[in-house]
Structures are given as structure tokens and as C-alpha cells.
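Commentary on secondary and tertiary structure
What follows is each chain in one-letter form.
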Amino acid sequence: MERVAVMGAGSWGTTFAKVLADAGTDVVLWARRAEVADEITRSRVNSDYLPGTKLPANLVATHDPEKALDGAQAVVLGVPSQTLRTNLAEWRPLLPAGATLVSLAKGVELGTLKRMSEVVREVADVPEDQVAVVSGPNLAKEIAAEQPTATVIACIDHDRAVDLQHACSTPYFRPYTNVDVVGCELGGACKNVIALACGMAAGLGFGDNTMASIITRGLAETARLGAALGADPLTFAGLAGLGDLVATCASPLSRNRSFGERLGRGDTVAQAQEAAHGQVAEGVKSCSSIRELAARLGVDMPITDGVHRVCHEGLDPRLLTAALLERERKAERQ
């Protein structure tokens, strides 16, 4: 792949565009706001979303989606999960025929309960083997600083995944391939919800035993959902499962962890959103769609259910802790 369009100039979209450019790929980054594109073109920085990071010369920016998509061999979708459908519908007439469509979003769509790759396939009207996803322990700020990390590129077409792997391999960013798109997407979506729970626990003053318990039981309920949807259970022990979960639950750079911590300290969702400069953590919305999907499949996901009740039903996080500890005793693998 010689030319890639990245649609979305937020922190992760800009960072992934930098990774592609550092790997030698020519990249066009589309920004919703013209002033963001102009700043990148003029100064090689995105001060709103990635301050302090110098962007490579082979990364160009534009506010015009037609210019961004023209001739692209891959289109990376770097917009939030709940706005992916609307954005992609606008871009569909401009998508190059046969281009690989790559989702960076981590979530389950409200209403339809579709994974992001399913949304892409439906809106763009492309076959399953033309859609890939990127998932793993990928905190944008650390990657932008070129700190070593690994990730997973998942696509049922292994050769297409390998092409993407070559397009974004750098000395600091190591991508692995996987054909289990379902497992990689569920790991990426559910970890945001579990990170909210870990943040709440931190805000309540709980320590490492509590964090480890939430992470481990969160992984268990994610794996149960994956099993119901046909995912490979080994995926959840890998980078897109445990790796992404640990990074998101433990790091102060994680928006979901930080958002949850404010809830644990007594903030409302609105107050936590205001403190996050108006941004809502992905897990706040995804907890509801994941909870509904689990209920439809008969999968027990108590942490996800509890996070939904805190975020959308006003449950006090302290009462969530008690409710989880007072659940029926059972064997660990049930």
C-alpha cells in the first residue's frame, strides 16, 4: 500500500497517520475542521489533539474528503464509534473501489448492536474480507512519543491484513495479524466499559487487589460474550484482549479510566464530561449497547450492567461495589 487516507484527525487518528507515514506510506489525513488541516499543513503539528508532536513530511492534511480519498488503497476510519455510520454514509460515494476499509473505532453501535466492521460493511456495501480493524494497547500519546508498543490488525483476508501490517510497521510500532475480527472488536469495545469500572474503584480509593479483580472478571465476561458470537477464545489472551484491557484500565492517559475515576469521586456524568472538555468516554455509550447485546444472547455481564446503571440510571458507585460482591457464589469459570 503506497497511499492511505486517514479519516479523522483526533488524537488516535492523527497518531495512526503518523505511524503510517513513519513506515514510509504516503498519508492524507482528513480533518473535520479546516483550521486543524491548515495547522498540520503549515506547522506539521496538531495542537488541539496531539500537542508537542512533530508530524512527518509525507503526511499531508485536508478538509476536503474527496481529496483525501482520491486514489487511496486503504481508508482508515478514525471517527468515534457512534458517529461512524453517519460519517461513512457521507463518504461512501467517494470511496475508491476495492480499497481496504480499516476501523480504528472501538464500540458497539447503539440501536443496531452492530460491531464497527458490521457497520462498515453495511454502509459501504462491501464484502467482509475488505474490512479490517486495528486493536491493542494503543494509547495515542505514548505512540506519538514513539514508545514501543504492539497491536493487532484483524481481517478475515489474511493477505490484506499482511499488506496493512507492512504499511504500518515501524521501529516503535509492531503490528501482528489475526483473522478473528469478532474477538478483536469485542475486546476493544468491552475494555472501555471495564476501564470505567476500574476508574470508579480508583475514585473510591480502592487498591490493586480491587483493580486486578475487576480486570480479570471483566476479561471473563468479555470472553463469554465472545464465545456466544463465535470468537476465538485465544484472542482474549492476546494484545486485542488482555493487552488492551490492562493498558486502558491502568493508565491515567486512558479517557475511560479517568472518566470513571471522576464518577467514583462523586461527579455526575455531566460533570465528568465537562472536566473532559465536553468529551464523553466511549464506554459511557458502549456500556448500554454491550449490555443489550449480552441480554439478547443470554450472556451474564455483571460489571457491564453495573457500569450502565451508574452512567445512565444514577446508581451510586459505592452501591455497585456492594452489588457485585453480594452476587451468588459460583465457580470461577461459570
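Cut-offs and rules
- Residues numbered from 1 in each chain as written.
- Predicted model: local features only at pLDDT ≥ 70, side-chain atom pairs only at ≥ 80, totals over all residues.
- Heavy atoms only, no water.
- Helix = DSSP H or I, 4+ residues; strand = E, 2+ residues; numbered from the N terminus.
- Rg over C-alpha atoms; globule rule 2.2 N^0.38 Å.
- Areas by Shrake-Rupley, 256 points an atom, 1.4 Å probe, with all protein chains shown as cover.
- Lys, Arg positive; Asp, Glu negative; His and termini not counted.
- Charge placed at Lys NZ, Arg CZ, Asp CG, Glu CD.
- Salt bridge = Lys/Arg side-chain N within 4 Å of Asp/Glu carboxyl O.
- Pairing = 2+ DSSP bridges.
- Axes fitted to C-alpha atoms, helices over the stretch in contact; angles between N-to-C directions.
- Contact = heavy atoms within 4.5 Å.
- Phe/Tyr/Trp six-rings, centres within 6.5 Å; stacked < 30°, edge-to-face > 60°.
- Buried < 20%, exposed > 50% of the residue type's maximum accessible area, 1.4 Å probe, protein only.
- Polar contact = N/O pair within 3.5 Å; in protein donor to acceptor, adjacent residues only side chain to side chain.
- UniProt positions renumbered as here; feature names shortened; annotations may be inferred.
- Right-handed = clockwise from strand over helix to strand, strands pointing away.

**A closer look at the overall build of the protein chain**
Within the protein chain, the regular secondary structure consists of 15 helices and eight strands. What you see for the protein chain is a C-alpha radius of gyration of 19 Å, in line with the 20 Å of a compact globule of 334 residues. Principal axes of the C-alpha set define a box for the protein chain whose edges measure 55 × 40 × 35 Å. About 14400 Å² of surface is accessible on the protein chain, with carbon and sulfur atoms providing 50% of the total. With 33 positive and 40 negative side-chain charges, the protein chain shows a separation of 4 Å between the mean positions of the two kinds.

**What to know about the pattern of salt bridges**
Pairing of side chains with opposite charge becomes possible as their charged atoms draw close. Scanning all chains against the criterion turns up 20 salt bridges. The residue Glu146 makes a salt bridge to Lys18 at a minimum N-O spacing of 2.7 Å. Residue Glu146 is found in the loop between helix 6 (140–144) and strand 7 (149–154), and its partner Lys18 is found in helix 1 (residues 11–22); the two are separated by 128 residues along the sequence. One salt bridge in this structure joins Arg85 and Glu109, with 2.9 Å as the shortest N-O distance.

**Comments concerning the sheet that holds strand 3 (residues 59–62)**
Strand pairing in a sheet relies on backbone hydrogen bonds. The paired strands run either parallel or antiparallel. Pairing is mixed across the open sheet formed by eight strands, whose spatial order is 3-2-1-4-5-6-7-8. If you trace the sheet from one side to the other, it starts and ends with strand 3 and strand 8 (173–178), each paired once. Across the sheet, the mean angle separating the axes of adjacent strands is 25° when strand polarity is ignored. Sheet analysis places strand 6 (residues 131–135) next to strand 7, joined by three bridges and oriented antiparallel. Across the sheet, the residue bridging to Val133 is Ala154, located in strand 7. Seen against the sheet, helix 1 touches strand 1 (3–7), strand 2 (26–30), strand 3, strand 4 (74–77), strand 6 and strand 8 and runs at an angle of roughly 165° to strand 2. Seen against the sheet, helix 10 (residues 239–250) touches strand 6, strand 7 and strand 8 and runs at an angle of roughly 140° to strand 7.

**Here's the deal with the packing of aromatic side chains**
Here the distance between the centres and the angle between the planes together describe a pair of aromatic rings. Under the criterion given, the structure shown has three aromatic pairs. Where Trp12 meets Phe16, the ring centres are 5.7 Å apart and the plane angle is 65°; that geometry is what we call edge-to-face. Of the two residues, Trp12 and Phe16 are both situated in helix 1; the distance of four residues between them amounts to about one turn of the helix. This pair shows no difference in class: Trp12 is buried, exactly as Phe16 is. In textbook terms, an aromatic cluster arises when at least three aromatic residues are bridged by ring pairs, as seen for Trp12, Phe16 and Phe173.

**Comments concerning the side chain of Thr170**
The residue Thr170 is located in the loop between helix 7 (158–167) and strand 8 in this model. For Thr170, a relative accessible area of 11% translates into the label buried. Among the polar contacts made by the side chain of Thr170, one reaches the main-chain amide nitrogen of Phe173 at a distance of 2.9 Å. The residues contacting Thr170, other than those within four sequence positions of it, are Val19, Asp22 and Ala23.

**Points about the UniProt feature "binding site: NADPH" (unreviewed entry) in the protein chain**
Per the UniProt entry, the sites bearing "binding site: NADPH" (unreviewed entry) are Ser11, Trp12, Arg32, Arg33, Tyr49, Lys106, Ala140, Arg255, Val280 and Glu282 in this numbering. For this annotated set, covering 272 residues, the C-alpha atoms extend up to 22.6 Å from each other, a dispersed arrangement in space. Mapped onto the elements of the fold, Arg32 is located in the loop between strand 2 and helix 2 (34–43). Given a relative accessible area of 48%, Arg32 falls into the partly exposed group. Ignoring any residue separated from it by four or fewer positions in sequence, one finds Arg32 in contact with His63 and Asn87. Counting through the fold element by element, Arg255 comes out in helix 11 (residues 255–264). The partly exposed category is assigned to Arg255, whose relative accessible area is 40%. Discounting chain neighbours no more than four positions away, the residues touching Arg255 are Gln279 and Ala281.

**Observations concerning the pairing of strand 6**
With respect to burial, strand 6 is a largely interior element, five of its five residues being buried. On strand 6, burial covers both faces: Val131, Val133 and Ser135 on one face and Ala132 and Val134 on the other are all buried. The sheet contact formed by strand 5 (residues 100–103) and strand 6 spans three bridges and is parallel. Residue pairing for strand 6: Leu101 is matched across the bridge by Val131. In this region the chain leaves strand 5, passes through helix 5 (residues 116–124) and returns to the parallel neighbour strand 6; the handedness of that crossover is right-handed.

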